[in-house]
Amino acid sequence: RCADVILTNNHIPHISIFITAPFERRVQRAMEMHPDFNEKKAKHMLRQLDRQHESYYRFYTGRRWGNADNYDLCIKSDTFGCDESTKIIEELFRKKFPKFK
């Protein structure tokens, strides 16, 4: 949590990434991951988690959670899918930190 700020403040090289997806896709994914969740339960859980993440991030950083200005890379995972998103992140990491190939 808040790694983007912690690493930046301590001058530790990193790539800060925010991965998102439209709310309805996230609801579908939650129901896939938790077969006991219906749509109502999944929406409730996601809204609650989003509020918690937003509150926590704002409290400890003074920044707005999910604001693209806070990250080096923002990805909509529904656009690329999990596998392609992973490949994009890996390629960026290899370019930024070539000694870790």
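My aim in this report is to walk through the structure given alongside it, one point at a time. All values reported here derive from a predicted model rather than from experimental measurement.

1. Structural notes on the side chain of Asp50
Moving on, step 1. Considering the arrangement of structural elements, one finds Asp50 in helix α3 (residues 39-61).
Moving on, step 2. On the accessibility criterion, Asp50 (17% relative accessible area) is buried.
Moving on, step 3. Separated by 2.8 Å, the side chains of Asp50 and Arg26 make a polar contact.
Moving on, step 4. Excluding residues within four positions of it along the chain, Asp50 makes contact with Arg26 and Trp65.

2. A look at unusual backbone geometry
Moving on, step 1. Not every positive phi belongs to a glycine, and Cys2 is a case in point at roughly 65°.
Moving on, step 2. The topology assignment puts Cys2 in the segment before α1 (3-9).
Moving on, step 3. Relative accessible area serves as the criterion here: at 11%, Cys2 is assigned to the buried category.
Moving on, step 4. Despite not being glycine, His11 shows a phi value in the positive range, around 55°.
Moving on, step 5. Following the sequence through the fold, His11 ends up in the loop between α1 and β1 (17-20).

3. Quick notes on the packing of helix α2 (residues 23-33) against α3
Moving on, step 1. Packing of α2 against α3 leaves a shortest axis separation of 9 Å and a crossing angle of 115°. At the point where α2 passes α3, the crossing takes the right-handed sense. Residues Phe23, Glu24, Arg26, Val27, Ala30 and Met31 of α2 form the contact with α3, whose own contacting residues are Glu39, Ala42, Lys43, Met45, Leu46, Arg47 and Asp50.
Moving on, step 2. Among the residues forming the contact of α2 with α3, the class breakdown is seven nonpolar, no polar and six charged.

4. Here we look at α3
Moving on, step 1. Helix length check: α3, at 23 residues, gives a terminal C-alpha distance of 32 Å against a target of 33 Å (1.5 Å per residue), a fit within 8%.
Moving on, step 2. Those residues of α3 that fall on the buried side of the exposure criterion are Ala42, Leu46, Asp50, Tyr57 and Thr61.
Moving on, step 3. Contacts from the buried residues of α3 go to α1 and α2.
Moving on, step 4. Looking one or two places after α3, you find Gly62, whose phi comes out positive at around 75°.

What counts, and where the lines are drawn
- Residues numbered from 1 in each chain as written.
- Predicted model: local features only at pLDDT ≥ 70, side-chain atom pairs only at ≥ 80, totals over all residues.
- Heavy atoms only, no water.
- Helix = DSSP H or I, 4+ residues; strand = E, 2+ residues; numbered from the N terminus.
- Buried < 20%, exposed > 50% of the residue type's maximum accessible area, 1.4 Å probe, protein only.
- Polar contact = N/O pair within 3.5 Å; in protein donor to acceptor, adjacent residues only side chain to side chain.
- Contact = heavy atoms within 4.5 Å.
- Axes fitted to C-alpha atoms, helices over the stretch in contact; angles between N-to-C directions.
- Left-handed = near helix turned anticlockwise from the far one by under 90°.
- Nonpolar A, V, L, I, M, F, W, Y, C, P; charged D, E, K, R; others polar.
- Expected span 1.5 Å × (residues − 1).

Treat this as a map of the structure, not an account of what it does.
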